[in-house]
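Structure at a glance
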Amino acid sequence: MVLSGDGTGFSLQPEALPDGGTLRFTISRQDGAYALVFQDESGAELPQSDTPVTLYLPAGSPLASVEAQYSGNFDNWGGQYDANSGLIFFSAQWSGIYQVAENQVELTDIGALSEEEQRIIRFMVARGFFSAPDGKFNPEGTLSRYEFTTALVGMFYALDRQAECTFNDVAKDSPYYVHVASAQSSGIAEGVGNDRFDGERSVTREEVLTFCARTLVDKKGYQVPEDLSAYANFTDRETIADWALPYVALTEQLGVVDGGQALEPQQDISRAEGARLLYKLFMMLYEVSPAQAAFYEQAAQADGGVTPLSLAPFGAAGVVVALGVALFASPWGRRYTRELSGGQKSVVAALMAVLTAALLGLGVVLQML
């Protein structure tokens, strides 16, 4: 549902609607931000909905990010940017205020990396998934299990502030608690044994790939390969831990990581490599659908650009023409218009012609704006 000419809108999955098929909420613009309020049958505000709503908001660049204020919390939710439409979209279940922040990232220690690596790192920092205090990303530094889990949960809207974790080494007042609890409750992250998470330890490559694979299972419904012999074809395959092997196989099967070389599964992963893997996973999970991409590619090639709103009058005009053909030319139409006089039929035809012309004219005007 497109709500304005800049593309602001929302979408719902019909199968996700609650019993009765009704979901009540309002969306309003407030000084550049957007208020989403879920409501019960009486119109009273609900802090949270069981049914997610996907919001589409205008954004200026891939570095744009969604900042969310809800239930007393303030989080950077990231969001998926679509360059074809100039929109950023994200899933929301909380009543709150959502605002698109156009972040400018200046990093002083990534100049030796390739342009692609620099672009990915700026994207990850701008979205708030990685930190860069004082403009330094420290690309060769290691990532802790805490840091990687926090980035993973933030990227995939898996943050659940009501979740609780069972690890005895993660204090409830820890800044990482809600992220670890969310990852554990969704089955993305597991401990290291003895009810411990060991979050301060550097995360290894096989742990990272395992977390990524579990995310694909949880978010996309993928399954680990039944025949592991066909995957995880690394020259040091025998060094991959048994618990990690099925998940590493899935990441190779889906192209997250390439086989045929040494994996070094117990090697601590660098911040730059962690950013690359998470970015690749992000694109796999939130890539624009082929139909949507084709629509916006065609729109981008049009003179002045085309928005969904500007195409709506043409679609409506087509519906009117189709109804006219059905009414006057089809056997079904002739059967139901048999009792109309010639004058009445002429009036109906004239009204349809005027309405069609008005819709076509509106469509042309909207494309010119």
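1. Side note on the overall build of the chain
The secondary structure content of the chain amounts to ten helices and ten strands. When burial is assessed residue by residue, the chain has 41% of its 369 residues classed as buried. Approximately 18,900 Å² of the chain is accessible, and the part contributed by carbon and sulfur atoms is 52%.

2. A word on the pairing of strand β5 (residues 48-58)
Here strand β1 (residues 9-11) pairs with β5 via three bridges, running antiparallel. Bridge pairing links S11 to T54 in β5. Of the strand pairs in this sheet, β5 and strand β9 (residues 87-94) are connected by seven bridges, and their pairing is antiparallel. Along β9, the bridge assignment pairs Y56 with F89.

3. Concerning the nonpolar core
One finds I121, M124, F130 and F148 to be the most contacted residues of the largest nonpolar core, which totals 62 residues. Elements represented by at least two residues in this core include exactly α1 (115-126), α2 (145-155), α3 (177-185), α4 (205-220), α5 (245-253) and α6 (271-286). If one sorts the elements of this core by residue count, α6 sits on top with nine residues. Setting aside chain neighbours within four positions, we find F130 in contact with M124, V125, F137, L143, A151, R271, G274, A275 and L278. Membership of the second largest hydrophobic core comes to 21 residues, among which are Y34, A64, W77 and I88.

4. Things to note about the sheet that holds strand β8 (residues 80-82)
Sheets are built from strands that pair by backbone hydrogen bonding, the pairs being arranged parallel or antiparallel. Across the sheet, which stays open at both edges, the four strands sit in the order β1-β5-β9-β8 with antiparallel pairing between neighbours. Bordering the open sheet on either side are β1 and β8, each of which pairs with just one other strand. For this sheet the average axis-to-axis angle between neighbouring strands, irrespective of direction, equals 30 degrees.

5. Describing the confidence of the model for the chain
In this model, the chain carries an average pLDDT of 81, and 77% of its residues clear a pLDDT of 70 or more. The lowest-confidence element of the chain is helix α7 (residues 290-301), averaging 40 in pLDDT; the highest-confidence one is strand β3 (residues 33-39), averaging 95. Here residues 288-308 scores under 50 on pLDDT; set against residues more than four positions off or in separate chains, the count is 20 contacts. Counting contacts from residues 364-369, a segment whose pLDDT is below 50, to residues more than four positions away or on other chains yields nine contacts.

6. Quick word on the packing of aromatic side chains
Under the counting rule described, the total for this entry stands at twelve aromatic pairs. Residues F90 and Y98 carry aromatic rings whose centres are separated by 5.5 Å and whose planes lie at 40 degrees to one another, so their mutual orientation is tilted. Y98 carries the same exposure label as F90, and that label is buried. A centroid spacing of 5.2 Å and a plane angle of 85 degrees characterise the contact between F123 and Y279, whose relative ring orientation is edge-to-face. With F123 in helix α1 and Y279 in helix α6, this pair connects stretches of sequence that are 156 residues apart. Each of the two residues, F123 as well as Y279, counts as buried. Above the plane of the ring of F197 lies R145, whose end atom (NZ or CZ) is 4.4 Å from the centre. Directly above the ring of Y247 sits R214, whose terminal nitrogen or CZ lies 4.9 Å from the centroid.

7. Things to note about a nonpolar patch on the surface
Among the surface-exposed residues, V217, Y222 and V224 lie close enough to one another that they form a single nonpolar patch of about 190 Å² accessible area. As for its placement among the helices and strands, V224 is situated in the loop between α4 and α5.

8. Details of the environment of V256
Here V256 lies in the loop between α5 and α6. The class for V256 is buried, based on a relative accessible area of 1%. Taking the C-alpha atoms as reference points, V256 and L209, separated by 47 residues in sequence, lie 8.3 Å from one another. With residues up to four places along the chain from it excluded, the contact list for V256 reads L209, L216, T251, L277, K280 and M284.

About the criteria used
Residues numbered from 1 in each chain as written. Predicted model: local features only at pLDDT ≥ 70, side-chain atom pairs only at ≥ 80, totals over all residues. Heavy atoms only, no water. Helix = DSSP H or I, 4+ residues; strand = E, 2+ residues; numbered from the N terminus. Buried < 20%, exposed > 50% of the residue type's maximum accessible area, 1.4 Å probe, protein only. Areas by Shrake-Rupley, 256 points an atom, 1.4 Å probe, with all protein chains shown as cover. Pairing = 2+ DSSP bridges. Core = buried A, V, L, I, M, F, W, Y, C linked by side-chain atoms within 4.5 Å. Contact = heavy atoms within 4.5 Å. Axes fitted to C-alpha atoms, helices over the stretch in contact; angles between N-to-C directions. pLDDT = per-residue confidence, 0-100. Phe/Tyr/Trp six-rings, centres within 6.5 Å; stacked < 30°, edge-to-face > 60°. Lys NZ or Arg CZ within 6 Å of the ring centre and 35° of its normal. Patch = residues over 30% accessible without salt bridge, like charges linked within 9 Å, V, L, I, M, F, W, Y side chains within 5 Å. Salt bridge = Lys/Arg side-chain N within 4 Å of Asp/Glu carboxyl O.

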